[in-house]
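# Fold and geometry: a report
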Amino acid sequence: MPGKRLKGRPATLVLCGLAAAFFVRAAFPAAHAVQDSGAAPPPVHLTSEEDHQRTMELLHITELRRGPDGDPKSPNAANVDEAKVPAYVLPDPLILKSGKKVTTPKIWWTKRRPEIVEDFDREIYGRVPKDTPHVNWEVVSTTEEKAGDVPVITKKLVGHVDNSFYPAIKVDIQLTLSTPAKATGPVPVIMEFGISPEQMAAFRKRMTPEQLAAFAGSGPTWQEQVTAEGWGYAILIPTSVQADDGAGLTEGIIGLVNKGQPRKLDDWGALRAWGWGAGRALDYFKTDKSVDANQVGIEGLSRYGKAALVTMAYDPRFAIAFVGSSGEGGAKILRRKFGEQVENVASTSEYHWMAGNFLKYAGPLTPNDLPVDAHELIALCAPRPVFISSGSQQVEGGWVDGKGMFLGAVGAGPVYKLLGRGDLGTSEFPPMETSLISGEIAFRQHTGGHTTGPNWPTFITFASRYLNTPAGSKATQ
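A brief structural summary.

### A short note on the overall build of the protein
The secondary structure content of the protein amounts to 14 helices and 9 strands. Residues classed as buried in the protein amount to 55% of the 477 residues present. Partitioning the contacts of the protein with sequence separation of at least 6, the portion at a separation of at least 24 is 71%. Carbon together with sulfur atoms contributes 54% to the accessible area of the protein, which is approximately 20200 Å² in total.

Right, here's the structure in full:
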């Protein structure tokens, strides 16, 4: 039974504690009556604009500040001039809320880290429910392929999320796994947050031949480079877990857990949902004898770069992360007035990535009021290795703010050092194509555009220190 579509704005909310229930009762009286009778109501269908407005009303916000434009010719263009970046003060990741200094790893693990996680949960990315549905993985097909000249066995999988408690919403996670056919034991795997074939086809239609050539690159694919090391690769389709828009928040895994109803202000957004999907793929890898599940890395670009970093920060089972051009909401310092800003992420086109509470920082509050910042997200990955990747400002543009991501990596350094690991080794922004890979936090800015492509060889060199090279692979010959 399809849900009714909301017409216009929801009823005025009076009591914050009863806001969500009041909204559903006022806008969907029939659905509420069904709920009272013991059956779950059908999913609520809202546009991104309607759900964004509903969230603002729950927060008692009437207006958000406009974010800057990505078009450099716009009168409201984003700042890409380093001289115009105002000063800001970052929270100290090694100072407890009580004001005491974190001096030992034990204090970090037992006190400070939980404080930082709570702030990110409540104010930025949202909370993953304590109880989420089980995923039953099905191997749909197994084929023999080649990655370059390396034979691989590719499994196409579907993760059926248990929806028995709410059959109105169905979630099937799309995943492929490829491992070297000649491997004599379990191998490390790099998993990418990837684009579905349908999305890629639409993407290609919008690009010129020159843009396509730059995106694809001229060298071996990342899959070919990975298999040359004797590793496997996997591609998870994030939008099969959760749609990449606000209208989908009452569908996908978020909608399923909420039984088709709108989010609470600290409920998880799409970035945490995509990370949850990656965790379920890792659950499957633990059952597959071809995979060394203790050596699985996560990689993504742009919004999926944000998701890769969030996944690494929250799920300690991932061994390494390759975070590509993640920008605002990823490795970039949120307080830094350069490129994309908090106000852009809080807009109707991107707010669904975050918790509803995040909107406050584009309204009555400012980014300077955030209790945490990106350097602390990177610090949550410690002591595991993280590679931060960026393109050049001249080609990729300043929107993702390469220096802002570098500074996020710098700010995480003290936590890595406290835990006995290496930081970037410098706080000075390096020249283009300088590889900072001597510690557990790595950074490199390539000369290309919005892609991780040119940084794959450097990442593999970095990752080779942490991931096994199986006997018989090209790397051992």
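### So, the pattern of salt bridges
Under the criterion given, the structure shown has 26 salt bridges. Glu118 is the partner of Arg122 in a salt bridge, and the nearest nitrogen-oxygen pair spans 3.1 Å. Residue Arg122 and its partner Glu118 are located together in helix 4 (residues 105-125), separated by 4 residues, close to a single helical turn. The class for Arg122 is partly exposed, based on a relative accessible area of 26%. The network of salt bridges with shared partners includes Lys97, Glu118, Asp119, Arg122, Glu123, Arg127, Asp266 and Lys360.

### Some remarks on the packing of aromatic side chains
Each aromatic ring pair is characterised by the separation of its centres together with the angle its planes make. Summed over all chains, the structure comprises 18 aromatic pairs. With centroids separated by 6.4 Å and ring planes inclined at 40°, the aromatic side chains of Phe193 and Tyr304 adopt a geometry described as tilted. Here Phe193, found in strand 4 (residues 187-193), pairs with Tyr304, found in helix 10 (residues 303-314); they are 111 residues apart in sequence, far enough to count as distant. In this pair, the class of Phe193 matches that of Tyr304, namely buried. Ring centres 6.3 Å apart and planes at 85° place the aromatic pair Trp268 and Trp276 in the edge-to-face group. Three or more aromatic residues joined by ring pairs form one cluster here, namely Trp222, Tyr233, Phe322, Phe387, Trp456, Phe459, Phe462 and Tyr466. Positioned above the aromatic ring of Tyr314, the side-chain terminus of Arg272 is 3.4 Å from the ring centre.

### Focus on the nonpolar core
Counting residues in each nonpolar core, the largest one holds 97 residues, and the members touching the most others are Met191, Ile253 and Phe285. No other element matches the 10 residues that helix 9 (residues 270-285) contributes to this core. Ignoring any residue separated from it by four or fewer positions in sequence, one finds Ile253 in contact with Pro133, Val161, Val171, Val241, Gln242, Trp268, Ala273 and Trp276. In this structure, Val226, Phe387, Ala442 and Leu467 belong to the second largest nonpolar core, which totals 20 residues.

### A closer look at the side chain of Glu396
Mapped onto the fold, Glu396 is located in the loop between strand 8 (386-390) and helix 13 (402-418). In this structure Glu396 is buried but unpaired, with Lys306 as the nearest side chain of opposite charge at 10 Å. There is a polar contact of 2.6 Å between the side chain of Glu396 and the side chain of Ser325. A polar contact of 2.9 Å, which involves the side chain of Glu396, links it to the backbone nitrogen of Gly391. Sequence-distant contacts of Glu396, defined by excluding residues within four places in its chain, comprise Ser325, Ser390, Gly391, Gly448, Gly449 and His450.

### Focus on the environment of Thr55
Tracing the backbone shows Thr55 in helix 3 (residues 48-58). For Thr55, a relative accessible area of 2% corresponds to the buried category. In this structure, the C-alpha to C-alpha distance between Thr55 and Pro262, residues 207 residues apart in sequence, is 9.2 Å.

### Topic: the packing of helix 9 against helix 10
For the pair helix 9 and helix 10, interaxial distance at closest approach is 8 Å and the crossing angle is 65°. The hand of the helix 9/helix 10 crossing is right-handed. Contacts between helix 9 and helix 10 involve Leu271, Arg272, Trp274, Gly275 and Ala278 on the former and, on the latter, Arg303, Tyr304, Lys306, Ala307, Val310, Thr311 and Tyr314. The class makeup of the residues in the contact of helix 9 with helix 10 is 7 nonpolar, 2 polar and 3 charged.

### Here's the deal with helix 13
Over its 17 residues, helix 13 extends 26 Å from the first C-alpha to the last, a length consistent with the 24 Å expected when each residue adds 1.5 Å. When the local axis directions of helix 13 are compared, the greatest deviation, roughly 35°, occurs at Ala412, which is followed within four positions by the proline Pro414. Along helix 13, 12 of the 17 residues are buried, which leaves the element largely enclosed by surrounding structure. Where helix 13 is buried, its residues meet helix 4, helix 12 (374-379), strand 8 and strand 9 (441-445).

### Some thoughts on the side chain of Glu376
Along the polypeptide, Glu376 turns up in helix 12. Of the residues examined, Glu376 reaches a relative accessible area of 0% and is grouped as buried. There is a polar contact of 3.2 Å between the side chain of Glu376 and the side chain of Arg112. Aside from chain neighbours lying at most four places away, what touches Glu376 is Pro91, Asp92, Pro93, Arg112, Ile116, Phe120 and Pro371.

### Section: helix 10
Along an α-helix, residues three or four positions apart point the same way, because every turn accommodates 3.6 residues. The terminal C-alpha atoms of helix 10, which comprises 12 residues, lie 17 Å apart, in line with the 16 Å expected from a rise of 1.5 Å per residue. Helix 10 sits mainly inside the fold: 10 of its 12 residues count as buried. Turning to helix 10, its buried residues number three or more, namely Tyr304, Gly305, Lys306, Ala307, Ala308, Leu309, Val310, Thr311, Met312 and Ala313.

What counts and what doesn't
Residues numbered from 1 in each chain as written. Predicted model: local features only at pLDDT ≥ 70, side-chain atom pairs only at ≥ 80, totals over all residues. Heavy atoms only, no water. Helix = DSSP H or I, 4+ residues; strand = E, 2+ residues; numbered from the N terminus. Buried < 20%, exposed > 50% of the residue type's maximum accessible area, 1.4 Å probe, protein only. Contact = heavy atoms within 4.5 Å. Areas by Shrake-Rupley, 256 points an atom, 1.4 Å probe, with all protein chains shown as cover. Salt bridge = Lys/Arg side-chain N within 4 Å of Asp/Glu carboxyl O. Phe/Tyr/Trp six-rings, centres within 6.5 Å; stacked < 30°, edge-to-face > 60°. Lys NZ or Arg CZ within 6 Å of the ring centre and 35° of its normal. Core = buried A, V, L, I, M, F, W, Y, C linked by side-chain atoms within 4.5 Å. Lys, Arg positive; Asp, Glu negative; His and termini not counted. Polar contact = N/O pair within 3.5 Å; in protein donor to acceptor, adjacent residues only side chain to side chain. Axes fitted to C-alpha atoms, helices over the stretch in contact; angles between N-to-C directions. Left-handed = near helix turned anticlockwise from the far one by under 90°. Nonpolar A, V, L, I, M, F, W, Y, C, P; charged D, E, K, R; others polar. Expected span 1.5 Å × (residues − 1). Bend = angle between axes of the 7 residues up to and from the residue.

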